[in-house]
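# Commentary on secondary and tertiary structure
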Amino acid sequence: GFLLLWLLPAVLRARASTETRPRAMACQQSPTKVSCKGVGLQKFPKELGQGIKHLELSNNFIQNLSGSYMPGFGQLEYLDMCFNHLEAVSATALAQLPRLRSLLLGSNHLDRNFLANGEAFRVLRNVEVLDLSVNGLESHMAGWYISNLTSLRVLDLSGNRLTRLWAGTFRSTARLRRLDLSNNYIMEIQEGALEPLQELEVVNLALNSIHCISGYSLTQLRVLNLSHNALELFAPEEGVQPHLLQVLDLSHNRLLYFPELPKARDLTHLNLSNNLIASLLPGSHHPEDFVLPYEEMGRLNRTECPTASLTRVADLDLSNNRLELFPLTFFHSLGSLHSLSLARNCLQEVAWESLTNSTEPAAPSPAPPQHTELSVRSLDLHSNALQVLPRWFFDSLPQLETMDLGSNSLQPCESQGSDQRGDFEGGCRIPAPGITCTPFYNVPRLKHLSLRENNITRLCPHAFHRTPLLSLDLSGNRDLSVPTGALAGLELSLQELSLRGNQMDESRAVLPCLGTLRVLDLAGNQLSLLPSGLSCSPLESLDVRNNSLQTLGRLGSWAHGLREVSLAGNPFSCCSLGWLDS
């Protein structure tokens, strides 16, 4: 008995150690593919069979890759060792992988032993895809690793500690097509650093510290991401050769002006959001506006419109800038423009043409000529300071289908063309459209409209007459009144309606017979009864949270189609729950 008591602590310690040690899980194997993701491996699995072409070893604890652990992998084409503890690679091991095409080594410790490791990499002459992301590599280390990889097509160096791109870094990787350098500390790109890469199509330089791109001459690029840098200047090289660029992301920088891209005739997507652009007018920027001095500033005071050659741009994002004026002439040459965002600016008005280069709003311009139209289908103007949109503004956007005007101060007009006015309670005699109200009627292609948080207190009769809306957002307009006839004309089109957070009681929410309404949001009001007009609607989703409902009353056959109902935050009476049977 004494001996058992003496041995018991040792037995418990042994059991505890086996319980805390990571258990080795079985790999999943097919004839040519093996996955050992996250199975607790500490060494390369040498017991795997012959003929494997695809091997996944990510999320393990492997520290080195040496020759003694590499028998029988001569057919291997794909090796994933991301998220290990890898810090040493031997040339003997890599030489046994003659057919390797993809080598993924992201999130390891390859900053250690980089000289020996880089020397070992010199045998990887057939590797086309290489991931060295998140390895703590500095600029010279990364250059050494790729110094002899002549077949490389895809290279990921993101999440490292690169500060400069030296002129000779990519001298041996002339076939490179995709290059990811994002999330580093790059401040300088030496002249000629990327020029050897004549086949390069996609470059990601996001999340670095680049202040200036000058003499940009990579005409073969298709996609360039320079977002989240400190760019003040983007000045492509002047020349006659056209650029093949299709996607350009310059968002989250410090640009003061719309960049001039005279040769980017294939550009379809341009993101300039989250910059410091205060004007779209030519010559509106001045040298004193820049934080750093640039030799190229003398080229900026041009008079031509920088969008003149961007005829294929379909998506343009100018949100989160400092624009106060929306000049439609600036966008007139963008004949393919379908999506335009000017959200979160300081827009106070729209103008067809401006006669001044100042950033102050110009006097309202007259209606444009009949033939001046934009091809925009989706327009985002939310979170500005707009108080009125004139009739000609909608006439200039004949293809408009989606419009977000949330967080402005726009008051819808009463329809001027309706012959069913009648005698509406409270009246709604508003001046001519374009003076103090905005005409949302007779916009024949508009399908989706958001007027949330516009301080609208009352909708006028037939405010959306002959505008076949599918969705309408009127949420966040405190004390809004929707009287009889306000939504007239939407009976056969409207499918989604939001009146959330308006503090409305049932007397202020008079809905017509909306025969196609499927989604209704009435949350955050003061309703004690549901609107009577719901009996016509084939509702599928109803949200009445946070109201004053004690009962839903008698629910007709319309309630049988409901798939989702949100009821929380109402003082329901436990004695009047018969509506639950519906």
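Definitions and cut-offs
- Residues numbered from 1 in each chain as written.
- Predicted model: local features only at pLDDT ≥ 70, side-chain atom pairs only at ≥ 80, totals over all residues.
- Heavy atoms only, no water.
- Helix = DSSP H or I, 4+ residues; strand = E, 2+ residues; numbered from the N terminus.
- Buried < 20%, exposed > 50% of the residue type's maximum accessible area, 1.4 Å probe, protein only.
- Areas by Shrake-Rupley, 256 points an atom, 1.4 Å probe, with all protein chains shown as cover.
- 1 Å grid on protein atoms, 1.4 Å probe; cavity = no way out; pocket = protein on both sides within 12 Å on 5 of 7 lines; lining within 4 Å.
- Points joined across faces, edges and corners; volume = space filled by probe spheres on them.
- Nonpolar A, V, L, I, M, F, W, Y, C, P; charged D, E, K, R; others polar.
- Polar contact = N/O pair within 3.5 Å; in protein donor to acceptor, adjacent residues only side chain to side chain.
- Contact = heavy atoms within 4.5 Å.
- Core = buried A, V, L, I, M, F, W, Y, C linked by side-chain atoms within 4.5 Å.
- Phe/Tyr/Trp six-rings, centres within 6.5 Å; stacked < 30°, edge-to-face > 60°.
- Lys NZ or Arg CZ within 6 Å of the ring centre and 35° of its normal.
- Salt bridge = Lys/Arg side-chain N within 4 Å of Asp/Glu carboxyl O.
- Pairing = 2+ DSSP bridges.
- Disulfide = S-S within 2.5 Å.
- pLDDT = per-residue confidence, 0-100.

In terms of helices and strands, the protein chain carries six helices and 30 strands. Across the 582 residues in the protein chain, those meeting the buried criterion constitute 48%. Surface summary for the protein chain: the accessible area is close to 26,900 Å², and the carbon and sulfur share equals 50%.

All right, on to the layout of surface pockets then. Space inside the largest pocket adds up to approximately 550 Å³. Those elements that provide at least two residues to the lining of the largest pocket are strand E12 (188-189) and strand E14 (212-216). Among the elements that take part in the lining of the largest pocket, E14 stands out by supplying five residues, more than any other. Counted by class, the lining of the largest pocket contains 14 nonpolar, six polar and four charged residues.

Let's shift gears to the side chain of asparagine 384. Here asparagine 384 shows up in the loop between strand E23 (378-380) and helix H6 (391-395). By relative accessible area, asparagine 384 is classed as buried at 10%. Within the structure, the side chain of asparagine 384 is placed 3.1 Å from the backbone oxygen of leucine 342, a separation counted as a polar contact. Discounting chain neighbours no more than four positions away, the residues touching asparagine 384 are Leu342, Ala343, Arg344, Asn345, Cys346, Leu347, Ser407 and Asn408.

Formed by 144 residues in total, the largest nonpolar core has its most connected members in Phe121, Phe326, Phe331, Phe393 and Phe464. Within the residue set of this core, elements represented by two or more residues are helix H2 (91-95), helix H3 (114-120), helix H4 (139-145), E14, helix H5 (328-331) and H6. Apart from the residues within four sequence positions on either side, phenylalanine 331 is in contact with Leu280, Leu316, Leu318, Phe326, Leu337, Leu340, Leu342 and Leu374.

In this section: unusual backbone geometry. Residue serine 383 is not a glycine yet carries a positive backbone phi of 60°. Within the secondary structure, serine 383 sits in the loop between E23 and H6. Positive phi values are uncommon outside glycine, yet glutamate 453 reaches one of about 55°. Inspection of the secondary structure assignment puts glutamate 453 in the loop between strand E25 (448-450) and strand E26 (471-473).

Under the criterion given, the structure shown has nine aromatic pairs. A network of ring pairs unites the aromatic residues Phe258, Phe326, Phe330, Phe331, Phe393, Phe394, Phe440 and Phe464 as a single cluster. Its end group placed over the ring of tyrosine 441, arginine 391 keeps NZ or CZ at 5.6 Å from the ring centre.

With respect to the secondary-structure elements, histidine 465 resides in the loop between E25 and E26. C-alpha separation for the pair histidine 465 and valine 443, spaced 22 residues apart in sequence, amounts to 8.7 Å.

Among the secondary structure elements, tryptophan 392 is positioned in helix H6. Between the alpha carbons of tryptophan 392 and tryptophan 352 there is a distance of 9.1 Å; along the sequence they are 40 residues apart.

Under the counting rule described, the total for this entry stands at 12 salt bridges. A salt bridge links arginine 312 to aspartate 266; its shortest N-O distance comes to 2.8 Å. You can see arginine 312 sitting in the loop between strand E18 (269-271) and strand E19 (315-317) and its partner aspartate 266 sitting in the loop between strand E17 (247-249) and E18, a full 46 residues away along the chain. Assessed through its relative accessible area of 47%, arginine 312 is described here as partly exposed. Residue classification places aspartate 266 among the partly exposed residues on the basis of a relative accessible area of 21%. Notably, a salt bridge pairs arginine 500 with aspartate 543, separated by 3.1 Å at the nearest N-O pair. Here aspartate 543 lies in strand E29 (residues 541-543) and arginine 500 lies in the loop between strand E27 (496-498) and strand E28 (519-521), a separation of 43 residues in the sequence.

In strand E16 (residues 233-236), alternate side chains face the same way, and those of Leu233 and Ala235 on one face and Phe234 and Pro236 on the other are all buried. Pairing geometry for E14 and E16, over four bridges, is parallel. Its bridge partner being in E16, cysteine 212 is matched across the sheet by leucine 233.

In this section: the state of the cysteines. Applying the stated rule across the entire model yields three disulfides. Here cysteine 27 engages in a disulfide with cysteine 36; their sulfurs sit 2.1 Å apart. Negative torsions about the S-S bond denote left-handed disulfides, and the value of about 120° found for cysteine 27 with cysteine 36 makes this one right-handed. No disulfide involves cysteine 574; its sulfur sits 6.7 Å from the nearest other cysteine sulfur, which is in cysteine 575. For cysteine 574, a relative accessible area of 71% translates into the label exposed.

Next up on the list: the confidence of the model for the protein chain. On average, residues of the protein chain score 86 in pLDDT, and 84% of them reach the 70 mark or higher. Note that pLDDT drops below 50 for residues 2-8; the model gives that stretch zero contacts with residues more than four away or on any other chain. Note on residues 420-426: pLDDT under 50 across the span, and 11 contacts to partners over four residues away in sequence or across chains.

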